[in-house]
Amino acid sequence: MAFESLTDKLSGIFKKLKGQARLTESNMDEMLKEIRVALLEADVNFKVVKEFINNVKEKAIGQDVLKQLNPSQMIVKIVHDELEQLLGSGENEINYQKNRPTVIMLVGLQGSGKTTTAGKLAYLMKNKLNKKVLLAACDVYRPAAIDQLEQIANDINVPVVNMGTNVSPVEISKAAYKKAFDDHFDVLIIDTAGRLQIDEQLMDELNHIKLSINPDEVLLLVDAMSGQDAVNVASAFNEKISLTGVVMSKLDGDARGGAALSVKHITNVPIKFSGIGEKIVDLDIFHADRMADRILGMGDVMTLVEKAQEEIDEKDAKKTVNKMMSGKFDLDDMLEQMKKVQKMGSLGGLLKLVPGMPKVSPEQLAHSEKEMKNFEIIINSMTKEERKNPAIFKYSRKIRVANGSGKTVADVNRVLKKFEQTKEMMKQMESYKKSGRMPPGFNGKFPGMF
Amino acid sequence: MGLISFLKSKFKNKDKSVEEYSQGMEKSRANFSNRLETLSKKYRKVNEEYFDELEEILIESDIGVSLAVKTIERLLDESKKKKISDADQINELLVDILFEDYMSKGNDFHEIRFNENGPTVLLVVGVNGVGKTTTIAKLAKRYKDMNKKVLLVAADTFRAGAIEQLQTWANRLNIDIVTGSQNGDPASVAFDGMRRAKQTNADLVIVDTAGRLQTKQGLMDELGKINRVISKEIADAPHETFLIIDATTGQNGVSQAKAFSEVTKITGVVITKMDGTSKGGIILAIRDELSIPVRFIGLGEGLDHLKEFDLHKYLYGLCVK
């Protein structure tokens, strides 16, 4: 299948290497070929892919396979490290000014998510960082763009400088800065109109805005669904107005966001934020290491935990997380945990973050919800003892539960198997938590991967 | 005669529409055809490396790895059969193959097919930020100019400012519009729209919907509901459902087309923002996998910059200097 996610693709490749004793030129070549295809399908620019593959190859050949790793783990490690490096270190924090407002300017192509992100940023800074935030509506071209910003700002109770559509964006920015300064705002966020990077007139306008208010941050919005051309867009914006950061938008879809890798690699501008949903809270700091984990099917555990903490009430979340991390849990816990995950909403976004569940299509989502219902029915047909200690399950018990729940023995086996997998996953997560990053050697396997 | 020479002869006396295409796609074309040209200068006779580079050019246009590989394999095959090793001729053969592939996938038609009895309903869908509302304004103008009575239905009740955006266009174009309340049920707006269409004998009803990522099951279900409400009110409606695809879209475009096809019957793709530097090759991948024809192409911000998709002109714009 051509359009599996990169995660699935890499999982498949690594699987192929299982059982092979040594990294050889030929099996590595096959891996690299497949990684190339996977990266291209993830929309990483072909030039970036070339360099990536060459780097991985060089590193793999120059390095001895570590004693404690098997060859496939070694490749995983090299690919992971390389991906992480590609996504880049770099300063991904906003540098706040002390004696004057911090000015943030959002730029990008049409439809990349500037206005939505302006609202999310304002919310984040106001509610999480206690900043006094002012928005400026400088998109005087798209019909109702100002209405859109006004509505969002109104919802989160942030003031907007709105001078209508007959004033030039440069004048609006200047007036907004004056207001921000005079009224002691901490942050001014400038929402600009979408524009093509080849539209000289509009690019000049951006430059004028920039020169007249001297922003601390110029952030480019990059759509996670962007294709090969993302590098050209980013390069042109960077050349014209010197970007200080990138915001990846629409990462909540099933696009692999290869553009993030390309843009970072080509411009070396750090990625600072990622848009992970339509709601005002759905903006996250960008974590390069987590993104690399996620691409490799490690699952973004930390994001999951953070999201859980925000969306479930705090105590509840701590209990869940502790239980998840302790590795000690039974069938009841599994059921409860599955329900919680569902309660968190946007199961699609979350499932993707859970190790061992790399592939999420809409059908699978619907399927997993149905599966959960079935699990619940089956688990409810078990005795307390069975739920606490599933190891006691023999055939006769399975038959009883199957009959009691109106399911088949195969269904019961599925629940038990799932339980084993989940338990395994918990162990992985614990070691992940302890080391704070991907455990070296991966304990021999990724859950659900091999 | 190869397609490029055919096109060259066909477009020797450029008519206005070719020029518009040509202008709109100037930036997309530049890179593609320049690389083809540089390539054929570099290699007078082709070798394996040449085909590798051609494959990269195709991949760079976002047509996707599998279609690129398939196309290059066929190119290798046919060039051997026809004993062609001249670089320019190989390039022509490549364009021929792309052309044939597209045409082999089914009919190629563009204008909205009007329902003979009663209003024709066009449902417009797509992910966030692809240009649905703007495209609707352009389509509304196009058919108003053809003396059709057009009605707009603002069923994007989710995104802030979406209703106002469509309302602004309706006012500018002096076209009737049905709106609901912000965060109201979009299906009920669609229902009102269908009722109004029947009452006022509208020729064409264009229903705007909220942008939705195809992975959001709840939102896709909502779209299914809108679709059902429309069918219930007007038989065989929606008669057309256009999926709007942004030219900058990468391989996710196919996933979009597949997922939207599951809840609505997509009858065409409209590719927007082709005036940028993106090549929009994803439309060829979508055609290849799902046989959906491209109906219109957005070549600029002006209201008249939405054109009928014409494969000849598209490839001409893409491949010919």
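Fair warning: this is a prediction, and the values are worked out from it, not measured in the lab.

Caption draft 1: Quick peek at the side chain of R195 of chain A. Residues and elements named next belong to chain A. Take R195: it is sitting in the loop between β4 (187-192) and α8 (200-213). Residue R195 is classed as buried on the basis of its relative accessible area of 1%. Of note is the side chain of R195, whose polar atom sits 3.1 Å from the side chain of E205. Here R195 is in contact with G108, L109, Q110, L202, M203, E205, L206 and F237, once residues within four sequence places are set aside.

Caption draft 2: Local environment of the sheet that holds strand β7 (residues 271-275) of chain A. Residue and element names in this part refer to chain A. Pairing is mixed across the open sheet formed by eight strands, whose spatial order is β3-β2-β4-β1-β5-β6-β7-β8. At either end of the open sheet lies a strand with only one pairing partner, and these are β3 (160-161) and β8 (283-285). The sheet contact formed by strand β2 (residues 133-138) and β4 spans six bridges and is parallel. In the sheet register, C138 faces β4, and the bridge partner there is T192.

Caption draft 3: Spotlight on the sheet that holds strand β1 (residues 120-125) of chain B. Residue and element names in this part refer to chain B. Here eight strands make up an open sheet; going across it, the order is β3-β2-β4-β1-β5-β6-β7-β8 and the pairing mixed. Looking along the sheet, the strands with just one partner apiece sit at the ends: β3 (176-179) and β8 (306-308). Between one strand and the next, the sheet's axes are offset by a mean angle of 25°, whatever the strand orientation. Helix-sheet contacts for helix α9 (residues 186-200) involve β1, β2 (150-155), β3 and β4 (204-209), and the interaxial angle to β2 is about 165°. Running over the sheet, helix α12 (residues 282-290) touches β5 (240-246), β6 (268-272) and β7 (294-298) and is turned about 170° from β6.

Caption draft 4: Up close: the interface of chain A and chain B. Counting residues at the interface gives 40 residues for chain A, matched by 49 residues for chain B. Taking both sides of the interface into account, the surface hidden between chain A and chain B amounts to around 3,800 Å²; carbon and sulfur atoms contribute 55%. The salt bridge partner of K216 of chain B is D252 of chain A, with a shortest N-O separation of 2.4 Å. Taken together, the connections running from chain A to chain B amount to 17 residue pairs in polar contact (both at pLDDT 80 or more). The set of elements that each furnish at least two residues to the side of chain A that touches chain B consists of α2 (25-41), α3 (46-62), α6 (145-156) and α16 (362-380) of chain A. Per-class residue counts for the side of chain A that touches chain B are 16 nonpolar, 11 polar and 13 charged.

Caption draft 5: Structural detail: empty space enclosed by the protein. Applying the stated rule across the entire model yields 15 cavities of 30 Å³ or more. Taken as a whole, the largest cavity holds about 150 Å³ of empty space. Lining the largest cavity are 16 residues, with L109, D223, S226 and V233 of chain A together with T248 of chain B positioned closest to its centre. Sorting the residues of the lining of the largest cavity by element identifies β5 (217-223) and α9 (230-241) of chain A as the ones contributing at least two each. Counting residues per element, the lining of the largest cavity draws most heavily on β5 of chain A, which supplies three residues.

Caption draft 6: Region of the structure containing the packing of aromatic side chains. All chains considered together, the criterion is met by six aromatic pairs over all chains. Seen in terms of ring centroids, Y177 of chain A and F181 of chain A are 6.2 Å apart; in terms of plane orientation they differ by 35°. Their pairing is tilted. Placement of the pair is Y177 of chain A and F181 of chain A together in helix α7 (residues 169-182), with a separation of four residues, close to one helical turn. Its relative accessible area of 42% is what places F181 of chain A among the partly exposed residues. Here the aromatic rings of F242 of chain B and F296 of chain B are separated by 6.1 Å at their centres, their planes lie at 50°, and the arrangement is tilted. Placement of the pair is F242 of chain B in strand β5 and F296 of chain B in strand β7, with a sequence separation of 54 residues. Taking relative accessible area as the criterion, F242 of chain B reaches 0% and is therefore assigned buried. Residue placement shows K148 of chain B over the ring face of F114 of chain B; its charged tip is 4.2 Å from the ring centre. Sitting over the face of the ring of W169 of chain B, R172 of chain B holds its NZ or CZ atom 4.9 Å from the ring centroid.

Caption draft 7: Molecular detail of the domain arrangement of chain B. Residues and elements named next belong to chain B. Parsing chain B into structural domains produces domain 1 (32-103) and domain 2 (120-319). Listed per partner, the contact involves 14 residues of domain 1 and 20 residues of domain 2. Linking domain 1 with domain 2 are one salt bridge. When the shortest N-O distance is used, the salt bridge between K70 and D288 registers 3.0 Å. For the pair domain 1 and domain 2, the interface holds six residue pairs in polar contact (both at pLDDT 80 or more). Elements supplying a minimum of two residues to the side of domain 1 that touches domain 2: α3 (26-42), α5 (65-81) and α6 (87-103). It is α6 that provides the largest number of residues to the side of domain 1 that touches domain 2, a total of five residues.

Basis of the calculations
Residues numbered from 1 in each chain as written. Chains lettered and ligands numbered in written order. Predicted model: local features only at pLDDT ≥ 70, side-chain atom pairs only at ≥ 80, totals over all residues. Heavy atoms only, no water. Helix = DSSP H or I, 4+ residues; strand = E, 2+ residues; numbered from the N terminus. Buried < 20%, exposed > 50% of the residue type's maximum accessible area, 1.4 Å probe, protein only. Polar contact = N/O pair within 3.5 Å; in protein donor to acceptor, adjacent residues only side chain to side chain. Contact = heavy atoms within 4.5 Å. Pairing = 2+ DSSP bridges. Axes fitted to C-alpha atoms, helices over the stretch in contact; angles between N-to-C directions. Buried area = accessible area lost by both parts, 1.4 Å probe. Salt bridge = Lys/Arg side-chain N within 4 Å of Asp/Glu carboxyl O. Nonpolar A, V, L, I, M, F, W, Y, C, P; charged D, E, K, R; others polar. 1 Å grid on protein atoms, 1.4 Å probe; cavity = no way out; pocket = protein on both sides within 12 Å on 5 of 7 lines; lining within 4 Å. Points joined across faces, edges and corners; volume = space filled by probe spheres on them. Phe/Tyr/Trp six-rings, centres within 6.5 Å; stacked < 30°, edge-to-face > 60°. Lys NZ or Arg CZ within 6 Å of the ring centre and 35° of its normal. Domains from an automatic or database assignment.

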